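# Examining the three-dimensional arrangement
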Amino acid sequence: MSFQAETARGLERAARAVGIDLGIKTLAVMADSTGDVRTAPNPNHYERARKQLRRASRTVSRRRGPDRRTGQKPSRRWEKANAQRNKIHHHVANLREDALHKLTTAVAAEYGTVVVEDLNVAGHAPQPAPRPQDRRRRIR
């Protein structure tokens, strides 16, 4: 037995528009056409995983790793510890990607027009001061 039904699926987008300003302290500041301003907090996934990464990195450094100069192969314990450290890094990357996906999906479902600023956000992060001997060569 087979059933067939026709449904009208219109992609009705809201008429509202939103402008998104990316930041460092907050993930995004969104101002829509009605005048509402919302902020999406920065989830700080790396900061939460730092303790685990510190411990895993100490474990890796205690093991005998590869040496390119002498051709020394890494020990099994180093490979295992390094795989554990890489697993933590991948977990942080997956959490970041998931948070961005959830935010963009929510914005796309709620607003019809999305405008995002085109700035190099990483360039706005504080830079370390140049070392005294490198002051002549530092060109911005």
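Here's a quick rundown of the structure.

Cut-offs and rules
Residues numbered from 1 in each chain as written. Predicted model: local features only at pLDDT ≥ 70, side-chain atom pairs only at ≥ 80, totals over all residues. Heavy atoms only, no water. Helix = DSSP H or I, 4+ residues; strand = E, 2+ residues; numbered from the N terminus. Rg over C-alpha atoms; globule rule 2.2 N^0.38 Å. Buried < 20%, exposed > 50% of the residue type's maximum accessible area, 1.4 Å probe, protein only. Areas by Shrake-Rupley, 256 points an atom, 1.4 Å probe, with all protein chains shown as cover. Lys, Arg positive; Asp, Glu negative; His and termini not counted. Charge placed at Lys NZ, Arg CZ, Asp CG, Glu CD. Pairing = 2+ DSSP bridges. Axes fitted to C-alpha atoms, helices over the stretch in contact; angles between N-to-C directions. Contact = heavy atoms within 4.5 Å.

Secondary structure assignment for the protein chain yields two helices and four strands. In the protein chain, the succession of helices and strands from N to C terminus is β-β-β-α-α-β. Relative to a compact globule of 140 residues, whose C-alpha radius of gyration would be 14 Å, the protein chain shows 24 Å and is clearly more extended. In terms of overall dimensions, the protein chain has a C-alpha envelope of 70 × 65 × 25 Å along the principal axes. Looking at the protein chain residue by residue over its 140 residues, the buried ones come to 15%. Counting only carbon and sulfur atoms, one obtains 51% of the accessible surface of the protein chain, whose full area is about 12,200 Å². In the protein chain, 30 side chains carry a positive charge and 14 a negative one; their mean positions are 19 Å apart.

With a phi angle near 55°, Asn-44 is a residue other than glycine that sits in the positive phi range. Looking at the secondary structure, you find Asn-44 in the loop between strand 3 (37–41) and helix 1 (45–62).

Here we take up the pairing of strand 2 (residues 26–32). Where strand 1 (residues 17–22) and strand 2 come together, five bridges link them in antiparallel fashion. Note on strand 2: the bridge partner recorded for Gly-19 is Ala-31. Hairpin geometry of strand 1 and strand 2 is characterised by an intervening segment of three residues between the two adjacent antiparallel strands. Here strand 2 pairs with strand 3 via five bridges, running antiparallel. Pairing of Thr-26 across the sheet is with Pro-41, part of strand 3. The hairpin formed by strand 2 and strand 3 contains four residues between the paired strands, and Gly-35 there has a positive phi angle of roughly 100°.

Let's shift gears to the sheet that holds strand 4 (residues 113–116). With respect to topology, four strands assemble into an open sheet ordered 3-2-1-4, the strand pairing being mixed. Bordering the open sheet on either side are strand 3 and strand 4, each of which pairs with just one other strand. Strand after strand, the sheet turns through a mean of 20° between neighbouring axes, direction not considered. Relative to strand 4, strand 1 runs parallel, the two being bridged by four bridges. What sits directly across from Ala-17, in strand 4, is Thr-113. Along the sheet face, helix 2 (residues 76–110) touches strand 1, strand 2, strand 3 and strand 4 and points at about 5° away from the line of strand 2.

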